[in-house]
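Observations on chain architecture
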Amino acid sequence: MTSLACVAAMLLASCADRGSSGGGQEGGSIRVSIGARVLSMIPALAPAEQGGFSDGMKVEVFDSGGGAAALQALISGDVLLAGSGGPEAVNAAVKSKQTKVVATLAVNIGTEIVVSKKLAQGGLTRDLPLAQRVQGMKGLKIGITSSGSTTDQLVRALMTDQGLNPDTDASIVALGGADEIVGALRGGSVDVVALSPPTGQIVEKEGIGEVLVSPPRGDVESINGMIYITFSARTTDLENDETRAKIVTFVEGVAAFLRLVKSDPDKAKEQGRKTFPKLAPEVFDAAWDVVSPGFPADPTPTEESIRIALDFQEKYSKTGPVDWTFDGVADASIAKDAITALDAKG
């Protein structure tokens, strides 16, 4: 299990008027926000950028620079859907009671901890036992996407488990998206960063850092099976026939890609590669090998993966046990309807 901080009150500037069609969406187009452009988002990015949604629905994707900001944009009505870390999505659903998880893109937390080359050369490497690796982060400046994000949660959970206080034993700095995080490590303004692939693979290719802790490669067994990357929708949009239909269409596109990963992994990989055209082929290949095992067979949220996330919150947060029901934090009917529509198309 891992740490669940509260969703930060980071308000994304309004993209357009908010209407009954959900965040100002009109006709055959919608807007969605994402916390970061990482490989675990490919099941949504690939269909969005390669025309993979039925009825020709267009999807505009906005990188909000953190899952908390993406979810705040959703709550504010600026977008129809928000892609974020699963724990923060579940936390937002529990606390706001205005959103629900409608699709799972990845399970098993994919965020990795990456250290500067200087620290790695000094002996702080993935070869050490996990406890020593985390203890080696004491006193360092650690870059995350945003407060309350999955990157923040992982850092805090790892440190807490090793008897460290993340608020006093390190300096945790919110940096925004992947470009800002890599730039900060490259420039030396932080010693450690947390983000999903391909960040670790990029910095290793550049020779500016090395992956220190990799949960998707089994370094942290206690969080295996946790809901990791999700899309959420507002409950009011789920209750509106017009916006619900658009949400189902979006999730159908995600389901089609996830199905392709299982039936034709090479084709899925090539579609995924097109969403990161600037990545060196060997960097993409290395990152894909890390994240693709976490893609589920279909996007239906499960009670077990959410329970692991909430158990994680109960263990690490100061709020104590959380009163929740599966139907209160997720709407599995969206994915089920999306799969039915996909099956009907053969």
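Everything in this summary refers to the structure shown in the same document. Computed from a predicted structure; not experimentally measured.

Reading the values: the criteria
Residues numbered from 1 in each chain as written. Predicted model: local features only at pLDDT ≥ 70, side-chain atom pairs only at ≥ 80, totals over all residues. Heavy atoms only, no water. Pairing = 2+ DSSP bridges. Helix = DSSP H or I, 4+ residues; strand = E, 2+ residues; numbered from the N terminus. Axes fitted to C-alpha atoms, helices over the stretch in contact; angles between N-to-C directions. Phe/Tyr/Trp six-rings, centres within 6.5 Å; stacked < 30°, edge-to-face > 60°. Lys NZ or Arg CZ within 6 Å of the ring centre and 35° of its normal. Buried < 20%, exposed > 50% of the residue type's maximum accessible area, 1.4 Å probe, protein only. Core = buried A, V, L, I, M, F, W, Y, C linked by side-chain atoms within 4.5 Å. Contact = heavy atoms within 4.5 Å. Parallel < 35°, antiparallel > 145°, perpendicular 65-115°, else oblique. Left-handed = near helix turned anticlockwise from the far one by under 90°. Nonpolar A, V, L, I, M, F, W, Y, C, P; charged D, E, K, R; others polar. Salt bridge = Lys/Arg side-chain N within 4 Å of Asp/Glu carboxyl O.

In a beta sheet, neighbouring strands are held together by backbone hydrogen bonds and run either parallel or antiparallel to one another. Across the sheet, which stays open at both edges, the 5 strands sit in the order S2-S1-S3-S10-S4 with mixed pairing between neighbours. Looking at the sheet topology across the chains shown, the edges are occupied by strand S2 (58-63) and strand S4 (99-107). Put simply, the sheet's adjacent strands are angled 25° from each other on average, direction ignored. Of the strand pairs in this sheet, S4 and strand S10 (residues 227-234) are connected by 7 bridges, and their pairing is antiparallel.

Okay, the packing of aromatic side chains next. Applying the stated criterion across every chain, the model contains 4 aromatic pairs. When the ring centre of Phe-276 is taken as reference, the NZ or CZ atom of Arg-37 above it lies at 5.3 Å.

Turning our attention to the pairing of strand S3 (residues 81-85). Within S3, 5 of the 5 residues are buried, which leaves it mostly tucked inside the rest of the structure. Note: strand S1 (residues 29-34) against S3, 3 bridges, orientation parallel. Its bridge partner lying in S3, Val-32 is registered against Leu-81. In this sheet, S10 lies alongside S3 in antiparallel orientation, the contact comprising 5 bridges. Bridge pairing links Leu-81 to Ala-233 in S10.

Another aspect to go through is the nonpolar core. Ranked by internal contacts, the top residues of the largest apolar core, which has 100 residues, are Leu-81, Ile-113, Phe-231 and Phe-250. Considering every element that reaches this core, the biggest residue donor is helix H10 (residues 241-263), with 9 residues. Aside from chain neighbours lying at most four places away, what touches Ile-113 is Met-137, Leu-154, Val-155, Leu-158, Val-192, Val-193, Ala-194, Glu-210, Val-211, Leu-212 and Val-213.

Turning to the packing of H10 against helix H15 (residues 332-344), a few remarks are in order. Running from amino to carboxyl end, H10 crosses H15 at an angle of 65°, the nearest separation of the two axes being 8 Å. When the axis of H10 is compared with that of H15, the two are roughly perpendicular. For H10 against H15, the interelement crossing comes out right-handed. Contacts between H10 and H15 involve Arg-244, Ile-247, Val-248, Val-251, Glu-252, Ala-255, Ala-256 and Arg-259 on the former and, on the latter, Ser-333, Ile-334, Ala-335, Asp-337, Ala-338, Ile-339, Ala-341, Leu-342 and Asp-343. Of the residues assigned to the contact of H10 with H15, the class counts are 11 nonpolar, 1 polar and 5 charged.

Moving on, we come to the pattern of salt bridges. Inspection of every chain in the model, using the stated rule, returns 19 salt bridges. Lys-205 is the salt-bridge partner of Glu-282, the closest N and O atoms lying 2.5 Å from each other. You can see Glu-282 sitting in helix H12 (residues 281-291) and its partner Lys-205 sitting in helix H8 (residues 199-206), a full 77 residues away along the chain. What makes Glu-282 partly exposed here is its relative accessible area of 42%. Across the salt bridge formed by Glu-252 and Lys-345, the nearest N and O atoms sit 3.0 Å from each other. Highlighted residues: Glu-252 in helix H10 and Lys-345 in the segment after H15, separated in sequence by 93 residues. For Glu-252, a relative accessible area of 6% corresponds to the buried category. Among the residues examined, Lys-345 registers a relative accessible area of 53% and is labelled exposed. Bridged by salt links that share partners, the residues Lys-269, Glu-270, Arg-273 and Asp-285 form one connected network.

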